[in-house]
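# Per-entry structural report
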Amino acid sequence: MKKKILNILAISWIVTTIGFVMEGDPTVPGVLLRLTEFFLMLGIVFLMLSVFYFGSLFVKSSFRKLIK
């Protein structure tokens, strides 16, 4: 379980970094605001990926129980 969460976090980190670099908005002069924006984006991506992953595992196990 821990390894799965760390893998999701790593994927989220990569996707967030790519998105943060490719963002076309003008840069904000405050470092604190940039870090806050980055970590909030990381949290959102992590939440979306984990809900999708663990939700799909739940649906898969539910179908297996339904078939048996």
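For every chain, the first residue of its written sequence is number 1, and the numbers climb from 1 along that sequence. Whole-chain, interface and lining totals are the exception, using all residues; otherwise, since this is a predicted model, local features are given only for residues with pLDDT of at least 70 and side-chain atom pairs are given and counted only at 80 or more. Just so you know, side-chain values use all the structure's heavy atoms and leave hydrogens and water out.

What the protein chain contains, in helices and strands, is two helices and zero strands. With C-alpha atoms as the basis for the radius of gyration, the globule rule is written as 2.2 Å multiplied by the number of residues raised to the power 0.38. Relative to its length of 68 residues, the protein chain is extended, with a C-alpha radius of gyration of 17 Å against a globular reference of 11 Å. Expressed along its principal axes, the backbone C-alpha trace of the protein chain runs to roughly 60 × 25 × 15 Å. Here the term buried applies to any residue with accessible area under 20% of the maximum for its type, exposed to any over 50%, and partly exposed to those in between, with areas from a 1.4 Å probe on protein chains only. Across the 68 residues that make up the protein chain, the buried fraction comes to 10%. Taking the contacts inside the protein chain whose residues are at least 6 apart along the sequence as the reference set, 70% of them involve residues at least 24 apart. Calculation of accessible area relied on Shrake-Rupley with a 1.4 Å probe; when residues are assessed, cover is drawn exclusively from the protein chains displayed. Accessible surface for the protein chain amounts to roughly 5,900 Å². Of this, 77% is attributable to carbon and sulfur atoms. In DSSP terms, a helix is any run of H or I states spanning at least four residues, a strand is any run of E spanning at least two, and both are numbered starting from the N terminus. Residue contacts are counted whenever heavy atoms from the two residues lie within 4.5 Å of one another.

A word on the side chain of serine 50. Looking at the secondary structure, you find serine 50 in helix H2 (residues 31-67). Ignoring sequence-local partners within four residues, the contact set of serine 50 consists of Ile8 and Gly55.

To estimate the expected span of a helix, subtract one from its residue number and multiply by 1.5 Å. Between its first and last C-alpha, H2 extends 54 Å over 37 residues, near the 54 Å set by a 1.5 Å rise per residue. What H2 keeps buried is the set Phe38, Leu42, Val45 and Ser50. Those residues of H2 hidden inside the fold are in contact with helix H1 (2-22).

Paired rings are identified among Phe, Tyr and Trp, the last through its six-membered ring, by centres lying within 6.5 Å, and are further divided according to the angle between planes into stacked (under 30 degrees), edge-to-face (over 60) and tilted (the rest). Tallying each qualifying case throughout the model produces five aromatic pairs. Judged by centre distance (5.6 Å) and plane angle (80°), the rings of phenylalanine 20 and phenylalanine 38 are edge-to-face. A residue pair is termed long-range when its members are at least 10 positions apart, and phenylalanine 20 in helix H1 and phenylalanine 38 in helix H2 qualify at 18 residues. Taking relative accessible area as the criterion, phenylalanine 20 reaches 24% and is therefore assigned partly exposed. Judged by its relative accessible area of 12%, phenylalanine 38 is buried.

Our next topic: the side chain of threonine 16. Note on placement: threonine 16 falls in helix H1. Relative accessible area serves as the criterion here: at 2%, threonine 16 is assigned to the buried category. Once residues lying within four places of it in the same chain are set aside, the contact partners of threonine 16 are Phe38, Met41, Leu42 and Val45.

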